[in-house]
Amino acid sequence: MVDRIRQLLQDKQLTPTQFADAIGVARPIISHILSGRNKTSLEVVQKILAAFADLSMSWLLNGTGPMWATAAPVAAAAPAVV
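Residues numbered from 1 in each chain as written. Predicted model: local features only at pLDDT ≥ 70, side-chain atom pairs only at ≥ 80, totals over all residues. Heavy atoms only, no water.

Asker: What is the right way to read the packing of helix α2 (residues 16–23) against helix α4 (residues 42–51) from this model?
Answerer: Between two packed helices, the angle of one axis relative to the other and the distance separating the axes together describe the packing. In the contact formed by α2 and α4, the axes pass within 9 Å of each other and the chain directions differ by 85°. When the axes of α2 and α4 are compared, the pair comes out roughly perpendicular. Mapping the contact onto sequence places F19, A22 and I23 in α2 and V44, K47, I48 and A51 in α4. For the contact of α2 with α4, a count of residues per class yields six nonpolar, no polar and one charged. (Axes fitted to C-alpha atoms, helices over the stretch in contact; angles between N-to-C directions. Helix = DSSP H or I, 4+ residues; strand = E, 2+ residues; numbered from the N terminus. Parallel < 35°, antiparallel > 145°, perpendicular 65-115°, else oblique. Contact = heavy atoms within 4.5 Å. Nonpolar A, V, L, I, M, F, W, Y, C, P; charged D, E, K, R; others polar.)

Shown next, in the form of structure tokens:
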């Protein structure tokens, strides 16, 4: 997940300090995650997803699919009542 967080920082052109401020966590938390000292907690993941609503959860957690979520698929129309 560290590599994906780094990719997110690069994509959004954010420094680790700016990223920490954007998601609302203490700056040392991000520093420790990026250095490998600490693993990413559920709380940090939730804050990342809340701050970047268009970020794909599957991509962040598992590295699968596109980085950015696409618009929700349109639900199939209900059959017309005659």
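So that's the structure; there's more coming.
Asker: Please explain the pattern of salt bridges as it appears in this structure.
Answerer: Applying the stated criterion to the full structure yields one salt bridge. Of the charged contacts in the structure, one is a salt bridge between R27 and D21, with a shortest N-O distance of 2.8 Å. Residue D21 is classed as partly exposed on the basis of its relative accessible area, which comes to 44%. (Salt bridge = Lys/Arg side-chain N within 4 Å of Asp/Glu carboxyl O. Buried < 20%, exposed > 50% of the residue type's maximum accessible area, 1.4 Å probe, protein only.)

Asker: Please clarify how the packing of aromatic side chains should be interpreted in this entry.
Answerer: Given two aromatic rings, one states the distance between the centres and the angle between the planes to describe the pair. Counted under the stated rule, the structure contains one aromatic pair. Here F19 and F52 contribute two aromatic rings whose centre-to-centre distance is 6.0 Å and whose plane-to-plane angle is 20°, an arrangement assigned as stacked. With F19 in helix α2 and F52 in the loop between α4 and α5 (57–62), this residue pair connects regions lying 33 residues apart in the sequence. According to the relative accessible area criterion, F19 is buried, its value standing at 0%. (Phe/Tyr/Trp six-rings, centres within 6.5 Å; stacked < 30°, edge-to-face > 60°.)

Asker: Could you clarify how one ought to interpret the nonpolar core in this entry?
Answerer: The nonpolar side chains of a soluble globular protein tend to be buried with one another. Grouped together as the largest cluster of nonpolar side chains are 19 residues, with contacts concentrated most on F19, I23, I30, I48, L55 and L60. For this core, the secondary-structure elements that each account for two or more residues are α1 (2–12), α2, α3 (27–35), α4 and α5. Of the residues forming this core, the biggest block, four residues, is contributed by α4. Not counting the four nearest positions on each side in its chain, L55 is found in contact with L8, I48, L49, L60, M67, W68 and A69. (Core = buried A, V, L, I, M, F, W, Y, C linked by side-chain atoms within 4.5 Å.)

Asker: Even after reading the chapter, I still don't get α4, so can you show me in this structure?
Answerer: A turn of α-helix holds 3.6 residues, and therefore any two residues three or four places apart point the same way. Buried within α4 are the following residues: V44, V45, I48 and L49. Along α4, the residues classed as buried sweep out an arc of 135° about the axis, all on the same side. Exposed residues pointing more than 90 degrees away from the buried face of α4 are listed as L42, E43 and A50. Looking at the buried side of α4, the elements it contacts are α1, α2, α3 and α5. (Arc of directions from axis to C-beta.)

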